[in-house]
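Coordinates in review
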There are 4 protein chains.
Amino acid sequence: MKTLDSSAKGAYLIAVTPFADDGSLDLASTDRMVDFYLEKGATGLTILGIMGEAPKLTAEESRIFVRQVLARVNGRVPVIVGASAPGFAPMRELTESVMELGASGVMVAPPSTVRTDDQIVAYFDMVNETLGPEVPWCLQDHPVATGVQMSASVILRVLKNSPTCVMLKHEDNPGLAKLSAIRAAGERGDAPRVSILTGNGGGLFLPEELTRGADGAMTGFAYPEMMVDVVKAHAAGDVERAHDIFDAYLPLARYEQQPGVGLAVRKHLMLKRGVIASEAVRKPGPKLSAADVADIERLVARQTRRLQEIGRSGKA
Amino acid sequence: MKTLDSSAKGAYLIAVTPFADDGSLDLASTDRMVDFYLEKGATGLTILGIMGEAPKLTAEESRIFVRQVLARVNGRVPVIVGASAPGFAPMRELTESVMELGASGVMVAPPSTVRTDDQIVAYFDMVNETLGPEVPWCLQDHPVATGVQMSASVILRVLKNSPTCVMLKHEDNPGLAKLSAIRAAGERGDAPRVSILTGNGGGLFLPEELTRGADGAMTGFAYPEMMVDVVKAHAAGDVERAHDIFDAYLPLARYEQQPGVGLAVRKHLMLKRGVIASEAVRKPGPKLSAADVADIERLVARQTRRLQEIGRSGKA
Amino acid sequence: MKTLDSSAKGAYLIAVTPFADDGSLDLASTDRMVDFYLEKGATGLTILGIMGEAPKLTAEESRIFVRQVLARVNGRVPVIVGASAPGFAPMRELTESVMELGASGVMVAPPSTVRTDDQIVAYFDMVNETLGPEVPWCLQDHPVATGVQMSASVILRVLKNSPTCVMLKHEDNPGLAKLSAIRAAGERGDAPRVSILTGNGGGLFLPEELTRGADGAMTGFAYPEMMVDVVKAHAAGDVERAHDIFDAYLPLARYEQQPGVGLAVRKHLMLKRGVIASEAVRKPGPKLSAADVADIERLVARQTRRLQEIGRSGKA
Amino acid sequence: MKTLDSSAKGAYLIAVTPFADDGSLDLASTDRMVDFYLEKGATGLTILGIMGEAPKLTAEESRIFVRQVLARVNGRVPVIVGASAPGFAPMRELTESVMELGASGVMVAPPSTVRTDDQIVAYFDMVNETLGPEVPWCLQDHPVATGVQMSASVILRVLKNSPTCVMLKHEDNPGLAKLSAIRAAGERGDAPRVSILTGNGGGLFLPEELTRGADGAMTGFAYPEMMVDVVKAHAAGDVERAHDIFDAYLPLARYEQQPGVGLAVRKHLMLKRGVIASEAVRKPGPKLSAADVADIERLVARQTRRLQEIGRSGKA
């Protein structure tokens, strides 16, 4: 098992959960998906997040899926498992179970019921108590999904109270000023310097976030090489190149990041790329129309051309 | 096992989940609680609802608790189990498991993600598909908890599509006009006539709801005899007596129905009445202050006096 | 003009805005309403709040109504005017206009767009800048209407920053612990000691709030003598008497406090009591059904009997 | 005055409200802004919308601003004025006032308090009653701002009831399937065929929306030539060209469409382009940091280069 710590960088991919056409777990596609992400350069994986349809799995299916992913990854990169839960007993149970299976850490977002700064801080004190002193964890700041607005100052309070919190998944929008403030506090030593991986709008602000000091991306996209290569170019100091790559993928990324229907777009593209065997999404979930598919085909063709223009293969 | 059907009447009690001081399930208190509810005249029980701290239990704890309640009830009254879930695989799994253990039916509320009439109708079509043709179920209309506003017309559309939906748990506020409209449609044959049990504000409009045609109450209160006796008096045609009883309990009921802190009030009162051995609420959850306890003591003393004035024992 | 300061006590009535049957402002009823509130013992009035249908008035109608109320009050009690606005230019304009007409102060709630503690504090800094050093104001904490959850600690930060904030309108629910914390901080000198008037649930926790140190009530009810007399009895040290009076009115108060339809109930009762000439509510607004009116008649009759039992006239 | 009817096409620009550095209305900049929009090819203007900081203006300022815009436009294109209001008396007053000044129609969004299909339909029945038989209006579907989710079927119900509703401002996200459904119903004659102008995500799905049958765009962007030229190319049948133009502007458009801070970005760019004399945004409002400005400068330089590559001048 790969350790998760605050030095994490690069592109952590939010994995989908592959189903067969009949809706059952597809473990062969799961293996292919893991291989695909790692071949494209993922430096970590995150599973059982919202885009992984975690709440639609039975407890047993979750265990089977986590075990399959961890076996296939086989320690090559850290694997983070979503452990947000409405109660602490299920959070502890899930965490113990996945850490035993070999996960590197868990990710926790606040429940929609906490609102004030004091409630947020108190909630994460209980999270720390629940996870114990051994489990590294990632704080997920995703107001669109949770309804919880966390200011930079409250995130810093949480980080100060949380010795095992090693990572922030930043997906507030707008979020650039917040990212700058949290990074600056870490640099000044006012709060622990954690790894900051961004997923704002599904990565739609990645180059700007890297310029503000993010360590990489944690999000999903059917073309993970975008995140990997943008981060690499930026880390190598070639900011314009990072933007060139980003811009080439942006029209399709934007389309894939539509709320609701986006997961169907992602699975459709992963099917077309040969990664998974079915684009099935469990109910309640979106389905693509013929017009959606036509949009996607046009965008993929345009993306391929554009990638060639900027000197990249752009092959599906 | 007692069957659940659309003739259900009386007082269905929303049960708490008793914990020991250390937070573990307290099965002896669970038995005492079942006995208490049935002795006080409950015509049904509902478990694993929001006030039952269901999301704070592990899957294994839920099973143990359900099994314990069902064994103790032993078929004397119907038992409904909350089965709302963010996905249909867990809903199906939980439903199959509790029906096998002897539950009489399940209760389902819409998830906060459905908003429009069409989305609501489509969601409950999927619920019907998930539960299958054999499981009686109760539609929970609780906008404060779910954020989903269902008009009378959309509820009637759901009822028409749902041959196994036998009950409506009505807790919209204001809700009297809606209750009248749904009842009238059932009487006219425009939609199936289901049992309507009310829990609006925790039963704070019970006499008026009975006058509008509700069949009884489904809610929680540390004095379940209030619901039982108000329903009985009303059914016997003594509406003023129903109000007299209701009014005597109203000041304390109002206090117990405060959002958030209310569950701690209820467990405190059930501890004082000798029903459960601990007032522990699992985190994140409310705790009573000394001032809260002083309020409660005053209200209990006043309630006891008032019950005596109207010719009832009012003993704890 | 009566000054508004932090020594305010008693019952501040939230006034309705009387309309004629055709929806136009009814100034004769406005005068009668002012007289009625003052005869019943109101120690202050609050106008153009949510229950005053302020957003349904044109700017000119607002001015006419404010002028009429102020002329009739004629300095006998302080009059507070709601000045919450989505922008500071309209807030300043409205404030200047009503202060010039003789208002004693204004009331401001946060807009639904502020969420974090820092945003709340920054917002009220701008309110202070807008209102200037001369206008006393009341901070309205009403999460159900605004969606803004303010913790005790953030309210204390706002009070410390706001030399002209002299009053807190407390209507969070549950709110007793918060009220205790804010009162205690004021007593200890950790923050300015402002007047705390409560309206939680429309006054449905008034006796308990007085026990926690509230200075009185600010809310609406067609029987304002309830608030006046509960506060008086409590202030005189007769807490049980305060509860007796409160309990007698509680069944009807509860009915009048239903969200949405409540304003129609209040206007209906004020019409029946001869205070206003029409129960018209402007669109979009609720209307009473025959069943609602029957409920109200029963509750009024019961209230009258109960008041006689506890030695009060209870006359309409 | 130019008439607004259901044949409207092209690019309706959502105008900003220019302020001087001291926050006062800047009428000279207002004139320059109108000229700028029309020179760039706007086929209509929309003023006093959310991005126009309408709620931050006093009533008098609104009138002055509307008069100035209308005078400068001088009948060359239709001008729509935002008239959403929490009450119908202010909506009627504002509508009468702006129509008298020469506006072509008004735009109305539902208030956040309506939720169910029946409530939505009833609300717009009252809007029709308020606006009367003479005023053309645009239905604004903007769930992110209003919290009101309107299904395609409820929008069609509203259109059927609304003889003077001639336009739909479509900004639901995801919204492509909805747009297709509404367009198809109009084509089939199941509902009136209104003009559909889109602003989903600030125009971030414009080419796909045109392919689905939208008649144009109604949104704001500091480079309105983007909307104008994308619509033109698409209307001429050159869909790939439409995408080329769109893609060139997309990185900056995405940055300008960040919630909250976006208006500051837009005003900054309009200042740099010489359109307005100050980038001042009224409080509460966003401010740009040095890092934001650096981001913008990079994006503008890249956009200029990219526009040259695709054979367009791209001059500021």
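In this text, all values refer to a predicted model and were calculated from it rather than measured experimentally. (Residues numbered from 1 in each chain as written. Chains lettered and ligands numbered in written order. Predicted model: local features only at pLDDT ≥ 70, side-chain atom pairs only at ≥ 80, totals over all residues. Heavy atoms only, no water.)

Brief notes about the overall build of chain A
Rule in force here: Helix and strand labels come from DSSP, where a helix needs a run of H or I of at least four residues and a strand needs a run of E of at least two; each type is numbered from the N terminus. Note that the radius of gyration is over C-alpha atoms, with the globule rule given as 2.2 Å times the number of residues to the power 0.38. Throughout, exposure labels follow a simple rule: accessible area from a 1.4 Å probe, protein chains only, divided by the maximum for the residue type, with under 20% read as buried, over 50% as exposed, and the rest as partly exposed. Pairs of residues are marked as contacts when any of their non-hydrogen atoms sit within 4.5 Å. Throughout, the Shrake-Rupley method with a 1.4 Å probe supplies accessible areas, and for residues the shown protein chains are the sole cover considered. In this tally, Asp and Glu contribute negative charge and Lys and Arg positive charge; neither His nor the terminal groups of the chain are included. In this description, the location of a charge corresponds to atom NZ of lysine, CZ of arginine, CG of aspartate or CD of glutamate.
Scanning chain A for helices and strands turns up 12 helices and 8 strands. The C-alpha radius of gyration computed for chain A amounts to 19 Å, which stays within 12% of the reference 20 Å derived for 316 residues, consistent with globular compactness. Considered along the principal axes of its C-alpha atoms, chain A spans approximately 50 × 45 × 35 Å. Taken over 316 residues, chain A has a buried fraction of 63%. Sequence-distant contacts, at least 24 apart, represent 72% of the contacts inside chain A between residues at least 6 apart. Just so you have it, chain A exposes about 11,000 Å², and 53% of that area is on carbon and sulfur atoms. Charged side chains in chain A number 35 positive and 38 negative. The centres of these two groups are separated by 4 Å.

Some remarks on the relation of the copies chain B and chain A
Copy one and copy two of the chain differ by a rotation about an axis and a translation along that axis. Threshold: Superposition of the copies was done by least squares, using only C-alpha atoms of residues whose pLDDT is at least 70 in both.
In screw terms, the move from chain B to chain A is a rotation of 180° and a rise of 0.0 Å along the axis, fitting with an RMSD of 0.0 Å. Taken together, the rotation angle and the small translation identify this as a two-fold axis. No C-alpha of chain B approaches the rotation axis more nearly than that of Ala 59 of chain B, which lies at 4.1 Å. Both copies present the same face, since 100% of the interface residues in chain B are matched by interface residues at the equivalent positions in chain A.

Some details on the interface of chain D and chain A
The cut-off we apply is this: Note: buried area is the sum, over both parts, of the accessible area (probe 1.4 Å) each one loses when the two are combined. We define a salt bridge as a side-chain nitrogen of Lys or Arg found within 4 Å of a carboxyl oxygen belonging to Asp or Glu. In protein, a polar contact means a hydrogen-donor-capable atom and an acceptor-capable atom, both N or O and within 3.5 Å, with residues adjacent in sequence counting only if both atoms are side-chain atoms; elsewhere, any N or O pair within 3.5 Å suffices.
At the junction of the two partners, chain D supplies 30 residues and chain A supplies 30 residues. Summed over both sides, the interface between chain D and chain A buries roughly 2,700 Å², with carbon and sulfur atoms accounting for 48% of that surface. It is Arg 254, Arg 298 and Arg 302 of chain D that lose the most area in chain D upon contact with chain A, and together they represent 23% of the buried surface on that side. Taken together, the links from chain D to chain A amount to 18 salt bridges. Across the salt bridge formed by Arg 254 of chain A and Glu 208 of chain D, the nearest N and O atoms sit 2.6 Å from each other. For the pair chain D and chain A, the interface holds 22 residue pairs in polar contact (both at pLDDT 80 or more).

Comments concerning the UniProt feature "binding site: pyruvate" (unreviewed entry) in chain A
All names here are of chain A. Operational definition: UniProt positions are given in the numbering used here, feature names are shortened, and annotations may be inferred rather than shown by experiment.
Under the present numbering, the feature "binding site: pyruvate" (unreviewed entry) in UniProt falls on Met 218. Among the secondary structure elements, Met 218 is positioned in strand E8 (residues 216-219). Classification of Met 218 by relative accessible area gives buried; the value is 0%. Apart from residues no more than four positions distant in its own chain, Met 218 is found in contact with Tyr 12, Ile 14, Thr 46, Ile 80, Met 107, Cys 138, Met 167, Lys 169, Leu 197, Thr 198 and Gly 199.

Section: the pairing of strand E5 (residues 137-141) of chain B
If a strand is regular, its side chains alternate between the two faces of the sheet. Residues and elements named next belong to chain B. To keep it simple, the criterion reads: We treat two strands as partners when DSSP finds at least two bridges between them. A clockwise course of the path from the first strand over the helix to the second, judged with the strands pointing away from the viewer, identifies a crossover as right-handed.
Counting buried residues in E5 gives 5 out of 5 residues, a clear majority hidden from the surface. As paired strands, strand E4 (residues 105-108) and E5 are joined by 3 bridges and run parallel to one another. Bridge pairing in E5 places Met 107 opposite Cys 138. After leaving E4, the chain enters helix H4 (residues 117-131) and then returns to the sheet as E5, a path that is right-handed.

A word on unusual backbone geometry
Between Asn 173 of chain A and Pro 174 of chain A the backbone carries a cis peptide bond, its omega angle lying at 5°. For Pro 174 of chain A, the location among the structural elements is in the loop between strand E6 (165-170) and helix H7 (176-188). One non-glycine residue, Leu 48 of chain A, lies in positive phi territory at about 60°. Along the chain, the position of Leu 48 of chain A falls in the loop between strand E2 (44-47) and helix H2 (59-73). With relative accessibility at 8%, the residue Leu 48 of chain A sits in the buried group. Positive phi, normally seen in glycine, also occurs at Asn 74 of chain B, with a value near 50°. The exposure class assigned to Asn 74 of chain B is exposed, which follows from its relative accessible area of 62%.

Quick look at the confidence of the model for chain A
The cut-off we apply is this: Each residue carries a pLDDT value, the predictor's own confidence for that position, ranging from 0 to 100.
For chain A, mean pLDDT is 95; residues scoring 70 or higher make up 99% of the total. Confidence metrics for the complex model read pTM 0.96 and ipTM 0.96.

Structural notes on helix H11 (residues 262-272) of chain D
Residue and element names in this part refer to chain D. Burial of H11 is extensive: 9 of the 11 residues sit out of reach of the surface. Turning to H11, its buried residues are Gly 262, Leu 263, Ala 264, Val 265, Arg 266, Lys 267, His 268, Leu 269 and Met 270. Tucked into the core, H11 has its buried residues touching helix H1 (27-39), helix H10 (239-256) and helix H12 (290-309). Backbone geometry just downstream of H11 places Gly 274 in the positive-phi region, at approximately 85°.

Details of the packing of aromatic side chains
Here is the rule we go by: Between 30 and 60 degrees the pair is tilted, below 30 it is stacked and above 60 it is edge-to-face, where a pair is any two Phe, Tyr or Trp rings, Trp via its six-membered ring, whose centres lie within 6.5 Å.
Scanning the entire structure with this criterion turns up 28 aromatic pairs over all chains. Between Phe 221 of chain B and Tyr 249 of chain B, the aromatic rings sit 6.2 Å apart at their centres with planes inclined by 85°, giving edge-to-face as the arrangement. One end of the pair, Phe 221 of chain B, is in the loop between strand E8 (216-219) and helix H9 (224-235); the other, Tyr 249 of chain B, is in helix H10 (residues 239-256), and 28 residues separate them in sequence. One aromatic cluster is present, built from ring pairs that chain together Phe 88, Tyr 123, Phe 124 and Trp 137 of chain A.

Details of the interface of chain B and chain A
Contact residues are listed per partner, giving 18 residues for chain B and 18 residues for chain A. With both chains or domains summed, chain B and chain A bury close to 1,400 Å², and 67% of this area falls on carbon and sulfur atoms. Across the chain B-chain A interface, the total number found is 2 salt bridges. Ionic pairing is found between Glu 129 of chain A and Lys 283 of chain B, a salt bridge with its closest N-O pair at 3.2 Å. Those elements giving two or more residues to the side of chain B that touches chain A turn out to be helix H2 (59-73), helix H3 (88-101) and H4 of chain B. With 4 residues, the single largest contributor to the side of chain B that touches chain A is H3 of chain B.

Things to note about the sheet that holds strand E8 (residues 216-219) of chain D
Residue and element names in this part refer to chain D. Threshold: Note on geometry: axes are C-alpha line fits, over the in-contact stretch for helices, and angles between N-to-C directions span 0 to 180 degrees.
The strand order around the closed barrel built from 8 strands is E1-E2-E3-E4-E5-E6-E7-E8, with neighbouring strands paired in parallel fashion. If you compare each strand with its neighbour and ignore which way they point, the axes differ by 25° on average. Where strand E5 (residues 137-141) meets strand E6 (residues 165-170), 5 bridges bridge the pair, whose relative direction is parallel. Each bridged residue has a counterpart across the sheet, and for Asp 141 the counterpart in E6 is His 170.

Overview of the packing of helix H11 (residues 262-272) of chain B against helix H12 (residues 290-309) of chain B
Residues and elements named next belong to chain B. To keep it simple, the criterion reads: For classification, angles of less than 35 degrees are called roughly parallel, those exceeding 145 degrees roughly antiparallel, those between 65 and 115 degrees roughly perpendicular, and all remaining angles oblique. By definition, turning the near helix anticlockwise from the far helix through less than a right angle yields a left-handed crossing, and turning it clockwise yields a right-handed one. All residues other than Ala, Val, Leu, Ile, Met, Phe, Trp, Tyr, Cys, Pro, Asp, Glu, Lys and Arg, Gly among them, are scored as polar; the first ten of these are nonpolar and the last four charged.
At a closest axis distance of 11 Å, the pairing of H11 and H12 adopts a crossing angle of 60°. Judged by the inter-axis angle, H11 sits oblique to H12. As H11 packs across H12, the resulting crossing turns out to be right-handed. Seen from H11, the contacting residues are Val 265, His 268 and Leu 269; seen from H12, they are Val 293, Ile 296 and Val 300. Its residues placed into classes, the contact of H11 with H12 shows 5 nonpolar, 1 polar and no charged.

Side note on the pattern of salt bridges
In total, this model carries 119 salt bridges over all chains according to the counting rule given. Measuring nitrogen to oxygen at the nearest pair gives 3.5 Å for the salt bridge that ties Glu 187 of chain B to Arg 193 of chain B. When the shortest N-O distance is used, the salt bridge between Asp 244 of chain C and Arg 302 of chain B registers 2.7 Å. Taken together, the positions of Asp 244 of chain C in helix H10 (residues 239-256) and Arg 302 of chain B in helix H12 put the pair across two chains. Asp 244 of chain C sits in the partly exposed class, given a relative accessible area of 27%.

Some points on the packing of H10 of chain C against helix H12 (residues 290-309) of chain C
All names here are of chain C. Running from amino to carboxyl end, H10 crosses H12 at an angle of 165°, the nearest separation of the two axes being 8 Å. The pairing of H10 with H12 is recorded here as roughly antiparallel in orientation. Where H10 crosses over H12, the handedness of that crossing is left-handed. Residue-level contacts link Ala 248, Tyr 249, Pro 251, Leu 252, Arg 254 and Tyr 255 of H10 to Asp 292, Asp 295, Ile 296, Leu 299, Val 300, Gln 303, Arg 306 and Leu 307 of H12. Looking at the contact of H10 with H12 residue by residue, the classes come out as 9 nonpolar, 1 polar and 4 charged.

Points about the relation of the copies chain D and chain A
Superposing chain D onto chain A requires a rotation of 180° together with a translation of 0.0 Å along the rotation axis, leaving an RMSD of 0.0 Å. When the interface residues of chain D are mapped onto chain A, 100% of them are again interface residues, pointing to one common binding face.

Some details on the side chain of Ser 151 of chain D
Residue position: Ser 151 of chain D is located in the loop between helix H5 (143-146) and helix H6 (152-161). Given the relative accessible area of 10%, Ser 151 of chain D is considered buried. One polar contact links Ser 151 of chain D to Ser 153 of chain D, side chain to side chain, over a distance of 3.1 Å. If sequence neighbours within four positions are ignored, Ser 151 of chain D has contacts with Thr 116 and Asp 118 of chain B together with Asp 117 and Lys 178 of chain D.

Regarding the sheet that holds strand E1 (residues 10-14) of chain B
Two modes of strand pairing occur in sheets, parallel and antiparallel, and in both the strands are linked by backbone hydrogen bonds. Residues and elements named next belong to chain B. Overall, parallel pairing links the 8 strands, which are arranged E1-E2-E3-E4-E5-E6-E7-E8 in a closed barrel. Recorded for the sheet is a direction-independent mean angle of 25° between the axes of neighbouring strands. Inspection of the sheet shows strand E7 (residues 195-198) paired to E8 by 2 bridges, in the parallel sense. What sits directly across from Thr 198, in E8, is Ala 217. Docked against the sheet, H2 engages strand E2 (44-47) and strand E3 (79-82), running at close to 175° with respect to E2.

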